[in-house]
Amino acid sequence: MLVNKSMKVTHLHIEASSFCNARCPGCPRNAYGYPLEGFYKKAHFKPEKLREILDKFPQVQSILYCGNHGDPMMNPDIVELCDVGKSISVATNGGIGQLEDYELLAKNGVHITFGIDGLENTNHLYRQGVNWDKLISRVRAFTEAGGDAEWQFIKFQHNMHQQEEARKLSQVLGFNNFILRDDG
């Protein structure tokens, strides 16, 4: 890694894993909901690599573990990756990960954005492979442990009629924020 000593890097966007439990049709790792074999190298970001980066950029204040190329909660070291004394955000479909990990992340002040695109009868149409009951149990584990949760709802033709009901459910489940996004 080339390092410019004068760079003041304060924020990092890290892909914590290239593995994902969902088969979202709009994801670049899939073709209409079916995984593209060999498209991404299958790997998890390692805590040692994070420590190496933070040593080179000590001014880092915040880290986003985003799920653009895989779900961060697939990384078995996600709790350790989030326990670095920085402001941490994780974006996940919520359909994977140990309940205990969600509880620990909540207690460590991690912010989680859950990508939930509809309700029980529609979320799986885009977030293919995500089980609603398991998703909700992870949301509850996180919010009931005091976690700062955000519901990100991508609007599609099949779920647009559920926006208000989803917003109300987000409040019941303890989400601190509800965000609507267009599908395009």
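What you see is a predicted model, and the numbers here were worked out from it, not measured in a lab.

A. Spotlight on helix α1 (residues 47-56). Taken as a whole, α1 has its buried residues at Pro47, Leu50, Ile53 and Leu54. End-on view of α1: buried residues confined to an arc of 120 degrees, all on one side of the axis.

B. Region of interest: the sheet that holds strand β8 (residues 177-182). With parallel pairing, the six strands of this open sheet are ordered in space as β1-β4-β5-β6-β7-β8. Edge strands, defined here as strands with exactly one partner in the open sheet, are β1 (11-14) and β8. In this sheet, neighbouring strand axes are inclined to one another by 20 degrees on average, regardless of whether the strands run parallel or antiparallel. Pairing of strand β4 (residues 62-65) with strand β5 (residues 87-92) involves four bridges; the strand directions are parallel.

C. Geometry of the environment of Met160. Considering the arrangement of structural elements, one finds Met160 in the loop between β7 (148-155) and α6 (163-172). Sequence-wise, Met160 and Leu180 are 20 residues apart; in three dimensions their C-alpha atoms are separated by 10.0 Å.

D. Summary view of the nonpolar core. Counting residues in hydrophobic clusters, the biggest one holds 47 residues, and the most contacted among them are Ile63, Tyr65, Phe114 and Trp151. The greatest single-element share of this core, amounting to six residues, is contributed by helix α5 (residues 132-144).

E. Representation of the layout of surface pockets within the structure. Empty space within the largest pocket amounts to approximately 600 Å³. Residue assignment for the lining of the largest pocket shows that the elements contributing at least two residues are β5, β6 (111-115), β7 and β8. Considered class by class, the residues forming the lining of the largest pocket number eleven nonpolar, eleven polar and seven charged.

F. Geometry of the pairing of β4. With four bridges connecting them, β1 and β4 associate as parallel partners. Its bridge partner lying in β4, Leu12 is registered against Ile63.

G. View of α6. Within the sequence span of α6, burial applies to Gln163, Ala166 and Ser170. An end-on view of α6 places all buried positions within 65 degrees of arc, on one side of the element. Among the exposed residues of α6, those oriented more than 90 degrees off its buried face are Glu165, Lys168, Gln171 and Val172. As for α6, its buried residues are in contact with β7 and β8. Of the residues one or two after α6, Gly174 is the one with positive phi, at around 95 degrees.

H. A look at the pattern of salt bridges. The final tally for this structure, using the stated rule, is seven salt bridges. The partner of Arg51 in a salt bridge is Glu48, with the nearest N and O atoms 3.9 Å apart. Here Glu48 and Arg51 lie together in helix α1, a separation of three residues that amounts to about one turn. Judged by its relative accessible area of 47%, Glu48 is partly exposed. If you follow the salt bridges from partner to partner, you end up with Glu48, Arg51 and Glu80 in one network.

I. View of the state of the cysteines. Within this structure, the stated rule accounts for zero disulfides. This cysteine, Cys24, is not joined by any disulfide, and Cys20 carries the nearest cysteine sulfur, 6.1 Å off. Here Cys66 stays free of any disulfide, with the sulfur of Cys27 as its closest cysteine sulfur at 11 Å.

Here is what the cut-offs are and how they apply
Residues numbered from 1 in each chain as written. Predicted model: local features only at pLDDT ≥ 70, side-chain atom pairs only at ≥ 80, totals over all residues. Heavy atoms only, no water. Buried < 20%, exposed > 50% of the residue type's maximum accessible area, 1.4 Å probe, protein only. Helix = DSSP H or I, 4+ residues; strand = E, 2+ residues; numbered from the N terminus. Arc of directions from axis to C-beta. Pairing = 2+ DSSP bridges. Axes fitted to C-alpha atoms, helices over the stretch in contact; angles between N-to-C directions. Core = buried A, V, L, I, M, F, W, Y, C linked by side-chain atoms within 4.5 Å. 1 Å grid on protein atoms, 1.4 Å probe; cavity = no way out; pocket = protein on both sides within 12 Å on 5 of 7 lines; lining within 4 Å. Points joined across faces, edges and corners; volume = space filled by probe spheres on them. Nonpolar A, V, L, I, M, F, W, Y, C, P; charged D, E, K, R; others polar. Contact = heavy atoms within 4.5 Å. Salt bridge = Lys/Arg side-chain N within 4 Å of Asp/Glu carboxyl O. Disulfide = S-S within 2.5 Å.

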